[in-house]
Each structure stands twice: as structure tokens, then as C-alpha cells.
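Residue-level listing of the chains:
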Amino acid sequence: MNLGATPRVWLTAAVLVSAVVWLSARSLDVNLLLACQNGQWPLSESCAGAGALPPDNGASEGVIEVPPAQAAEVWQQVRAEVQSLRERIARNPGDAWAVSALARFADLPAQTLGVDSGSLLAAATQVAPQHTLVQEQLARRALERSDWGEAVPALVRLSRHHGDQEATRTLARMLAVADQDPALLAALRQALQDDVRWFEAALRALPGLKLPVAPALPLVADLTTAGALRAPTGLLVIRQLKSEGLWLEAHAVWQGLWNRPVPLLFNGGFEQAFVRDGFDWVLADDNPQHSGVRAERMGQGERGQVMRLQFNSRPLRTPLLRQDMFVPAGQYRLEGEHRSLDLRSSGGLTWVLACANGGRELARSETLTQTGRDWRTTRLAVTVPTDCPGVSLSLVPLAAFEARTGLQGEIWLDNLTLLPVKRNTSSGTTR
């Protein structure tokens, strides 16, 4: 593997080191002598009498002392177990369990094993190809060679069929560097054609490892093109892309889920149930029993579905309603209709457009107040700057204290749109 100067390539090296150390540790169940040889590999002949181990935290100082007699005792136990397994295999060469169990000692010297480690692993692969210990050895050796075509399928089998969480995390680390290594990306693509569930599990592991999802987008694009991108997978990717500030990429995945162009302001007529984690409406509180507002979509004759917010004078969370949007820089006009009955509020409600994730406010509508039975249209002009690709539209009380005191009455919402303002080049005016 070429360890060049780019940080991502060094991250690839880190993926290999962490995975190989994990699999090497898993290959022997003798934690006492873990990392004895060269601070990494378990159980060598020179380790038995050394009487010292590096500390578990990898620090360069503070060596942990191990009595030589205790180290020799553990080594003697390993020899005894190897001999017992050899005798069992001699009686029954097809003993899959014994061959697999012996394979975990494949790193020991040939004179200890009584057989060449390569031959041993080949035999274990033949008699028990799906055994966990065999798959771990295959994965470890493939990773040492940077043989992605062998390593990825072995890790996928460990993750999918053996529930191995560390194998899943190793696949996640691979996803985070896939765009830097064509051979690795090709191996991941091949594995994705056979089974998509390992990919979803690896994606879920990325946030916990503090790794980006963007390098895995070529694989997401493959699923989208094949019509195989499941909604939970796509929404997971969208949520993480938004957290990384990649709104354009997140919105592209969102469009891929619908397989059609979607408007900047989605579901503005409230005709369909809200899709969590996407570019759709989010309610501040979906527990009406303890909230100061009850929100529901309901039919309204020829209008179809509308959104109704009923207030009960209890404290409420804000914003009452919010939608994240990907909005390129430019000038836009927000329009929406509302109708309110017996709405008792100090200042009414207002739509606020702001840069997403708590950014600066861009524009605020006139207040939505009492209308009786009539529907009224609210219009709002807004300019989105270039450094604000993600925009949030929020409905909030004009008077912030009303989040604590609550409101009374109800308001109905419908037909919200956000459209670019077209400029008439001949006259210099906009419309």
C-alpha cells in the first residue's frame, strides 16, 4: 500500500492497523500476553520469558510487569491445547470444529503447530468456511496484504452472519476512505451487489466513530441508480450529510429517494405524512397529552389535507413547525395561506426563514392573527446568501414568552411554496 502524504491515505493505514490488531487479538483467547511481541502480535516464543507487556492504553511508558513463571504457564497451556486439537484432528481429519479452533493459533511457529500455518488455514477454510474463527483469520491475512477483494467479503460475513460489531466498525472505516482507493471501492461495490444490509449497518456505525459519510456517496449513488436505495438508508445518509454541512449532496439523495424532482419547500400542501430526517416538516412536540399544542393533518373539503394547530394554554416547544430546505443563493418569495379561529395570542405567529442549524435570520413574515372563517395569504421576500446553503423555515410565536405561557385557539395552514423570483432582463424588474 502506498502511504502517501494525504491525510486520507494515512487514515487508510489506520483502518488496517486497527482491524489487524483487533483480529490478531481475537485469534487468541489469551489476553494476558496480548501485544507481547513488537507491542502488537500475541504469543511468540520470545514472549514467554520476557515477563513484561506494554500497557493496554498504548502508552510508551509504564510497562506492565508479568511474572515470567506466569507467562511460561500460559504458554504451556497453549501448547497443550494445540496438541489436544492436533490429536483430535488426527483421529478425524474432517472435524470442522477442531480444525477451526486450531486455526486461531495460525500465527504460532510451525514447530508448535506441527503444520504449516498456510496449510492449516486452507484446511480450515475447506472443512468450515463459514466458521467465525476461520473468517477472522481470512480477514486478518487479507487486510495485511491490502487484498480488499478477500478482506471485504470476509468482514461482511462476520458482520452479517456472526453479528460481529467490530467487523461492522471496520467496514465503516473502509467506507470513510473508499473514495481514496479504487480497488477498495470496487470491492465494496461488489459486496453491495450481493447484500445491502451490511452497508446499512456500517453507515449506522459512522457517527459513533466520528467518520464522514461523504466518501461513501458513490455507493449510495449505485443503489439509487439501481432503484435499491431503501428509505431508512437514504434518510440516515441525509441526516449525516446535513450534520456535515453538505446540503447539496443531502438534497440529491433526497431527490433520489423520490425518483423525481421535488420542490424547494416540500409537502407545502400537507397532503402526505411527514418523513422524519429528510427535507420535510418536523413538529416540535408530537406528544399531545403534555404539549401546549396539538398538531394534526386533516381533510378540508376541496382543499384536501391541511395542517391544524390547536392550542390549550399550556407551555409549548418552539418552533411549532419547521422544515429544512436546500436553497441555492438568490432571491425568493415565500407564500402561504392560513386561517385562525379564536386565536388568543399577544403578538400572533410568524414564519421565520434563517440559515439552518441556528444560523442568522434572513427574513420574517407579517404576523398570522385572527382571520375568522376566511383564508388569508401571506407573502415574504427573502434573499439567500451564498454562505447559507441550508435554510430552515420555522413557525414561532412573535412574542417569545408565549412559549412559556401558552396560546389559545387554533390556526390552519395550507399551500406553502418557496419559489425563485424571476428577473425581467429587458426592464430590470423582478416578478
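See the structure printed just above.
Residues numbered from 1 in each chain as written. Predicted model: local features only at pLDDT ≥ 70, side-chain atom pairs only at ≥ 80, totals over all residues. Heavy atoms only, no water.

Some thoughts on the pairing of strand S12 (residues 408-420)
When strand S5 (residues 305-312) meets S12, the two strands line up antiparallel, connected through 6 bridges. The residue of S12 that forms the bridge with Met307 is Leu413. Pairing between strand S7 (residues 330-344) and S12: 10 bridges, direction antiparallel. Note that in S12 the partner of Arg339 across the bridge is Trp412. (Pairing = 2+ DSSP bridges. Helix = DSSP H or I, 4+ residues; strand = E, 2+ residues; numbered from the N terminus.)

Points about helix H11 (residues 217-225)
Listing the buried residues of H11 in full gives Leu217, Leu219, Val220 and Leu223. Down the axis, H11 shows its buried residues gathered within 155° of arc, on one side only. Packing partners of the buried residues in H11 comprise helix H8 (165-175), helix H9 (182-194), helix H10 (197-209), helix H12 (231-243) and helix H13 (247-258). Count one or two residues on from H11 and you reach Gly227, which has phi positive near 70°. (Buried < 20%, exposed > 50% of the residue type's maximum accessible area, 1.4 Å probe, protein only. Arc of directions from axis to C-beta. Contact = heavy atoms within 4.5 Å.)

Observations concerning the packing of H8 against H10
The axes of two packed helices give the description: the angle between them and the distance between them. Close contact between H8 and H10 brings their axes to 8 Å; oriented N to C, the two are set at 80°. Taken together, H8 and H10 sit at an angle that is classed as roughly perpendicular. Each of Thr168, Arg169, Leu171, Ala172, Arg173 and Leu175 in H8 lies in contact with H10, whose residues at this interface are Trp198, Phe199, Ala201, Ala202, Leu203, Ala205, Leu206 and Leu209. Taken together, the residues of the contact of H8 with H10 sort by class into 11 nonpolar, 1 polar and 2 charged. (Axes fitted to C-alpha atoms, helices over the stretch in contact; angles between N-to-C directions. Parallel < 35°, antiparallel > 145°, perpendicular 65-115°, else oblique. Nonpolar A, V, L, I, M, F, W, Y, C, P; charged D, E, K, R; others polar.)

Topic: the sheet that holds strand S6 (residues 321-326)
Taken in spatial order, the 5 strands make up an open sheet running S3-S6-S11-S8-S9, and their pairing is antiparallel. What marks the edges here is a single partner per strand, and that holds for strand S3 (281-283) and strand S9 (361-364). For this sheet, the mean inter-axis angle between neighbouring strands, taken without regard to orientation, is 25°. For strand S8 (residues 349-355) and strand S11 (residues 390-397), the ladder comprises 7 bridges, and the chain directions are antiparallel. Note on S11: the bridge partner recorded for Val352 is Ser394. Lying on the sheet, H13 is in contact with S6 and S11; it crosses S6 at an angle near 100°.

Let's talk about the pairing of S11
Within S11, 8 of the 8 residues are buried, leaving the element largely enclosed by the surrounding structure. Residues Gly390, Ser392, Ser394 and Val396 point to one face of S11 and Val391, Leu393, Leu395 and Pro397 to the other, with burial holding for every one of them. Bridging between S6 and S11 involves 6 bridges; their strand directions are antiparallel. For Met325, the partnering residue across the bridge sits in S11 and is Val391.

What to know about the state of the cysteines
Under the defined criterion, the tally for this structure stands at 1 disulfide. Two residues, Cys355 and Cys388, share a disulfide whose sulfurs are 2.1 Å apart. Negative torsions about the S-S bond denote left-handed disulfides, and the value of about -135° found for Cys355 with Cys388 makes this one left-handed. Pair noted here: Cys355 is in strand S8 and Cys388 is in the loop between strand S10 (376-384) and S11, with a separation of 33 residues, a long-range link. (Disulfide = S-S within 2.5 Å.)

Remarks on the environment of Val396
With respect to the helices and strands, the residue Val396 is situated in strand S11. Val396 gets classed as buried once you look at its relative accessible area, which sits at 16%. Distance in space between the C-alpha atoms of Val396 and Arg322 is 9.2 Å, their sequence separation being 74 residues. In this view, Val396 contacts Pro319, Gly348, Leu349, Thr350 and Val352; residues no more than four positions away in its chain are not counted.

A short note on the nonpolar core
Grouped together as the largest cluster of nonpolar side chains are 52 residues, with contacts concentrated most on Val152, Met174, Leu175, Leu188, Trp198, Phe199 and Leu203. Mapped onto this core, the elements with two or more residues apiece are helix H6 (132-144), helix H7 (148-162), H8, H9, H10, H11, H12 and H13. Here this core gets 7 residues from one element, more than from any other, and that element is H7. Sequence-distant contacts of Leu175, defined by excluding residues within four places in its chain, comprise Leu188, Trp198, Phe199, Ala202, Leu203, Pro215, Ala216 and Leu219. Grouped together as the second largest cluster of nonpolar side chains are 35 residues, Leu321, Leu343, Trp351 and Leu413 included. (Core = buried A, V, L, I, M, F, W, Y, C linked by side-chain atoms within 4.5 Å.)

Structural notes on the packing of aromatic side chains
A complete count under the given rule lists 9 aromatic pairs for this structure. Where Trp254 meets Trp258, the ring centres are 5.7 Å apart and the plane angle is 75°; that geometry is what we call edge-to-face. Taken together, the residues Trp254 and Trp258, both in helix H13 and 4 residues apart, mark about one turn of the helix. With relative accessibility at 27%, the residue Trp258 sits in the partly exposed group. Ring centres of Trp258 and Phe266 lie 5.1 Å apart, and the angle between their planes is 45°; this geometry places the pair in the tilted category. (Phe/Tyr/Trp six-rings, centres within 6.5 Å; stacked < 30°, edge-to-face > 60°.)

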